[in-house]
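# Overview (structure and organization)
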Amino acid sequence: MSDVAKESLNFIEQIIHDDLETNPNITVHTRFPPEPNGFLHIGHVKAICINFETAKKYGGKTNLRFDDTNPLTEKTLYVDNIKNDIKWLGYDWEDREYYASDYFQQLYDFAVDLIKKGLAYVDESTPEQIAEMKGTTTSPGVDSPARTRSVEENLRLFEEMKDGKHPDGSMVLRAKVDMKHPNMLMRDPNIYRIKKATHHRTGDDWCIYPLYDFAHGQSDSIENITYSLCSLEFRHHRDLYNWLIEKLEIFPSRQIEFARMNVEYMITSKRRLLKLVNDNLVTGWDDPRMPTISGMRRKGYPPAALRTFVDKVGVAKRDNLIEIGLLESCVRDELNKTTARVMGVLDPLKLIITNYPEGQVEQMEAVNNPGDESMGTRSIPFSRELYIEQGDFMEDAPKKFFRLGPGKTVRLKNGYIITCEDFKKDENGKVVEVHCKYYPDSRSGSDTSGIKAKGVLHWVSIGHAVKVTINNYHRLFTVEQPLADPDKDFMEFFNNNSLEVLDNVYVEPSLLTAKVGERFQFMRKGYYCLDTTSTEDNLVFNSTVGLKDSWAKKNKKK
RNA sequence: UGACCCAUGGUGUAAUCGGUAACACACCAGUUUUUGGUUCUGGCAUUCAAGGUUCGAGUCCUUGUGGGUCAACCA
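Anyway, here's the lowdown on the structure attached to this text. Given the structure is predicted, the values throughout are model-derived calculations rather than measurements. (Residues numbered from 1 in each chain as written. Chains lettered and ligands numbered in written order. Predicted model: local features only at pLDDT ≥ 70, side-chain atom pairs only at ≥ 80, totals over all residues. Heavy atoms only, no water.)

## Here's the deal with the overall build of chain A
Secondary structure summary: chain A contains 13 helices and 25 strands in total. A compact globule built from 558 residues should have a C-alpha radius of gyration of about 24 Å, whereas chain A, at 31 Å, is more than 25% larger. A principal-axis box enclosing the C-alpha atoms of chain A has dimensions of 100 × 65 × 45 Å. In chain A, which comprises 558 residues, the share counted as buried stands at 51%. When contacts within chain A are restricted to residue pairs at least 6 apart in sequence, long-range pairs at least 24 apart make up 70% of them. Taken as a whole, chain A presents about 26500 Å² of accessible surface, with 48% of it coming from carbon and sulfur. If the 76 positive side-chain charges of chain A are averaged to one point and the 84 negative ones to another, these points end up 5 Å apart. (Helix = DSSP H or I, 4+ residues; strand = E, 2+ residues; numbered from the N terminus. Rg over C-alpha atoms; globule rule 2.2 N^0.38 Å. Buried < 20%, exposed > 50% of the residue type's maximum accessible area, 1.4 Å probe, protein only. Contact = heavy atoms within 4.5 Å. Areas by Shrake-Rupley, 256 points an atom, 1.4 Å probe, with all protein chains shown as cover. Lys, Arg positive; Asp, Glu negative; His and termini not counted. Charge placed at Lys NZ, Arg CZ, Asp CG, Glu CD.)

Next up, the structure:
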């Protein structure tokens, strides 16, 4: 059977596919170009995956290049974090770690070349004057008086700029394109400015720095990037990108733009995320509620789930709002396959098995993952006094409630079948103790009792359980699009209950050996990940995502 | 009162010389299940609008409508 089932290509792959047909010798070379001025977030994940995966698909390469042309905002600390995040996501740039700052001399030479060609000039107009002369989207701009300066003078002035003979902001180098161009970015864009600041890598070697439009495309060219894949908001820059490549006569990299993704309940604006951090509304950039890679990692999202997510989101050019459910489904799917099942009781209720011998302890064998035999088994202590969930007992249980209630019978997972015979309440009427009898011949794995129990409950043995802390995380915002309403500040939608700490949680003793970052499925509850703040005395688990809960959904509907 | 980009189900994407709407998530119903998890099965849109070209249009043309982007010595 031939597998020529035409695989559908996204529009970028289509372009590459067509290029390859005309010229099979093309090596697909992409790049991921972050500015090291902050933390990577879910939006960057898409850019990373697209650049790396596209190259991989065509046997090409992807460079990591730090776009560090603004010394005021960039730090080596961010460089290290970014590299760590990309590695964690599962991508490898091998030895191709580059910096725009590596090209400062080359870029300077390009600028000199442009001046010599009569295509760039030094302008000492103020930012206000330059803005004024730009015109508007509906009216053309006017030429700056500096536009007619001679090549010689431009050369001299530009060199003086480089030599630090002029103060910050006193003049800029502009490309001479067209002040009447319909694309505002083509109206003689600034390409070099003076900044007497210490650069995180080049120190004080330079006091003039290229602007984005004179650094990005040129760096792409220098690195022989064939496809420069970026998000749609750079569309208008492409005209300049191509103009500069043409005038400089350098390697013709091609920029292709795709739509960035918007995810429900998430924001990626650095300024706004910073506010959450500064106002201590989250514990930091790696708070598990944050949309940063470090936050999602700490929350327990597996890198493979993020990659699958981006793949399922696809690549196109239209505006989109991705349902958070898609992300969570990718996370669940991955975690379902890879995590060990354990039992933990989040809201304990004491259960006494009245006919079970006092002091007796049995080790029950439990399968770690019913879908993956290779994950093995473990043993769990079973005894007379256990904890079950408060929510698993109801005094007046409806018929469809497959859990415990007076006279009801259930199986204790990996244990015995029990029937409820009695319960105790405190002075407030709250059930505090449930009494059951068990059937000795119903032990898991060797059940000869013939009793049927529809419900299955998780539990822990009180005498053996480990008390831990759980951080239950909920959405950071109360609406899908906190930024959608122009009349309202996004903080109006901040969810003040996004963190719920449970400190009366008991888990099976096997969890004592859990490692930070390790992920588990707490049966019937959800997925949890051991947090970095865990200590030997107190394990802290972060909620990653809940299990699908059709019972809760059904009840909610009523 | 400009230029550029976009418009397929609830959501995100497919439909590769125009050939009769596919996949995933979500949802609904059922199946399986010592997790109300998982599995499996079935159900769920005629493609923004109006014209036009054509035997045939989601795909081409025209005109609308709607949405997005663009004027930092930021990237």
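## Some remarks on the nonpolar core
If you look at the biggest cluster of nonpolar residues, it comprises 47 residues, and the most contacted ones within it are Phe-32, Val-45, Ile-48, Ile-86, Leu-89, Leu-306 and Phe-309. Sort the elements by how many residues they give to this core and helix α2 (residues 42-57) lands first, with eight residues. Discounting residues that sit within four places of it in the chain, Leu-306 has contacts with Val-45, Trp-88, Leu-89, Met-296, Tyr-301 and Leu-327. The next biggest cluster of nonpolar side chains, apart from the first, holds 36 residues, and it includes Tyr-108, Ile-191, Tyr-192 and Phe-214. (Core = buried A, V, L, I, M, F, W, Y, C linked by side-chain atoms within 4.5 Å.)

## Details of helix α3 (residues 76-89)
With 14 residues, α3 extends 20 Å between its outermost C-alpha atoms, agreeing within 8% with the 20 Å of an ideal straight helix rising 1.5 Å per residue. Along α3, the positions that sit buried rather than exposed are Tyr-78, Val-79, Ile-82, Lys-83, Asp-85, Ile-86, Trp-88 and Leu-89. Following α3 by one or two positions, Gly-90 has its phi on the positive side, about 105 degrees. (Expected span 1.5 Å × (residues − 1).)

## Regarding the protein's contact with RNA strand B
Close to RNA strand B lie 68 residues, the nearest being Val-313, Arg-341, Lys-413, Ser-444 and Lys-553. Each atom of RNA strand B within 4 Å of the protein belongs either to a base or to sugar and phosphate, the latter forming 60%. A distance of 3.4 Å is found between a sugar or linking oxygen of RNA strand B and a side-chain nitrogen or oxygen belonging to Lys-312. Contact distances for RNA strand B include 3.1 Å between a sugar or linking oxygen and a backbone N or O atom of Trp-551. Going through the elements one at a time, β6 (190-194), α8 (235-248), α11 (303-313), α12 (324-338) and α13 (550-557) are the ones with two or more residues in the surface near RNA strand B. In the surface near RNA strand B, the residues fall into 22 nonpolar, 22 polar and 24 charged. (Near = heavy atom within 4 Å. Polar contact = N/O pair within 3.5 Å; in protein donor to acceptor, adjacent residues only side chain to side chain. Nonpolar A, V, L, I, M, F, W, Y, C, P; charged D, E, K, R; others polar.)

## Considerations on the packing of aromatic side chains
Counting across every chain of the model gives 25 aromatic pairs. Where Phe-393 meets Phe-423, the ring centres are 5.4 Å apart and the plane angle is 55 degrees; that geometry is what we call tilted. Residue Phe-393 is found in the loop between β15 (385-389) and β16 (409-412), and its partner Phe-423 is found in strand β17 (residues 417-425); the two are separated by 30 residues along the sequence. Phe-393 gets classed as buried once you look at its relative accessible area, which sits at 6%. Through pairs of rings, three or more aromatic residues link up here, namely Phe-104, Tyr-108, Phe-158, Tyr-192, Trp-206, Tyr-209 and Phe-214. Directly above the aromatic system of Tyr-99 lies the positively charged group of Arg-201, at a separation of 3.5 Å from the ring centroid. (Phe/Tyr/Trp six-rings, centres within 6.5 Å; stacked < 30°, edge-to-face > 60°. Lys NZ or Arg CZ within 6 Å of the ring centre and 35° of its normal.)

## Notes on the sheet that holds strand β11 (residues 344-345)
Spatial ordering of the open sheet is given by β10-β23-β24-β25-β21-β22-β11, a layout of seven strands whose pairing is mixed. Where the open sheet ends on each side, the last strands, each with one partner, are β10 (340-342) and β11. Lying on the sheet, α12 is in contact with β10, β23 (519-522), β24 (526-530) and β25 (540-546); it crosses β25 at an angle near 120 degrees. (Pairing = 2+ DSSP bridges. Axes fitted to C-alpha atoms, helices over the stretch in contact; angles between N-to-C directions.)

## Some thoughts on the side chain of Asp-67
Structurally, Asp-67 can be placed in the loop between β2 (61-66) and α3. The charged side chain of Asp-67 is buried without a salt bridge, its nearest counter-charge being Arg-65 at 4.9 Å. When residues no more than four places from it in sequence are discounted, the contact partners of Asp-67 are Pro-33, Pro-34, Glu-35, Pro-36, Glu-74, Ala-100, Tyr-212 and His-216. (Salt bridge = Lys/Arg side-chain N within 4 Å of Asp/Glu carboxyl O.)

## Notes on the side chain of Glu-74
Here Glu-74 lies in the loop between β2 and α3. Lacking a salt bridge, the buried Glu-74 has Arg-193 as its closest oppositely charged neighbour, with an N-O distance of 7.0 Å. A polar side-chain atom of Glu-74 sits 3.4 Å from the main-chain amide nitrogen of Thr-69. Of note is the side chain of Glu-74, whose polar atom sits 3.0 Å from the backbone nitrogen of Asn-70. Those residues within four positions of Glu-74 in sequence are excluded, and the remaining contacts are Glu-35, Pro-36, Asn-37, Asp-67, Asp-68, Thr-69, His-199 and His-200.

## Quick word on the sheet that holds strand β18 (residues 431-438)
Across the sheet, which stays open at both edges, the seven strands sit in the order β19-β16-β17-β18-β12-β15-β20 with mixed pairing between neighbours. Either end of the sheet is taken by a strand with one partner, and the two such strands are β19 (455-457) and β20 (460-461). Bridge count between β16 and β19: three bridges; the pairing is parallel. Note on β19: the bridge partner recorded for Arg-411 is Val-456.

## Some points on the packing of helix α4 (residues 104-116) against helix α6 (residues 151-162)
Each packed pair of helices is defined by two parameters, the angle between the axes and the distance between the axes. Where α4 contacts α6, the axes come no closer than 9 Å and their chain directions differ by 160 degrees. Taken together, the axis directions place α4 and α6 in an arrangement best described as roughly antiparallel. Read as a crossing pair, α4 and α6 show a hand that is right-handed. Across from Tyr-108, Ala-111, Val-112, Ile-115 and Lys-116 in α4, the residues of α6 making contact are Val-151, Asn-154, Leu-155, Phe-158, Glu-159 and Lys-162. Here the residues of the contact of α4 with α6 are counted per class, giving seven nonpolar, one polar and three charged. (Parallel < 35°, antiparallel > 145°, perpendicular 65-115°, else oblique. Left-handed = near helix turned anticlockwise from the far one by under 90°.)

Purely geometric numbers; function is a separate question.
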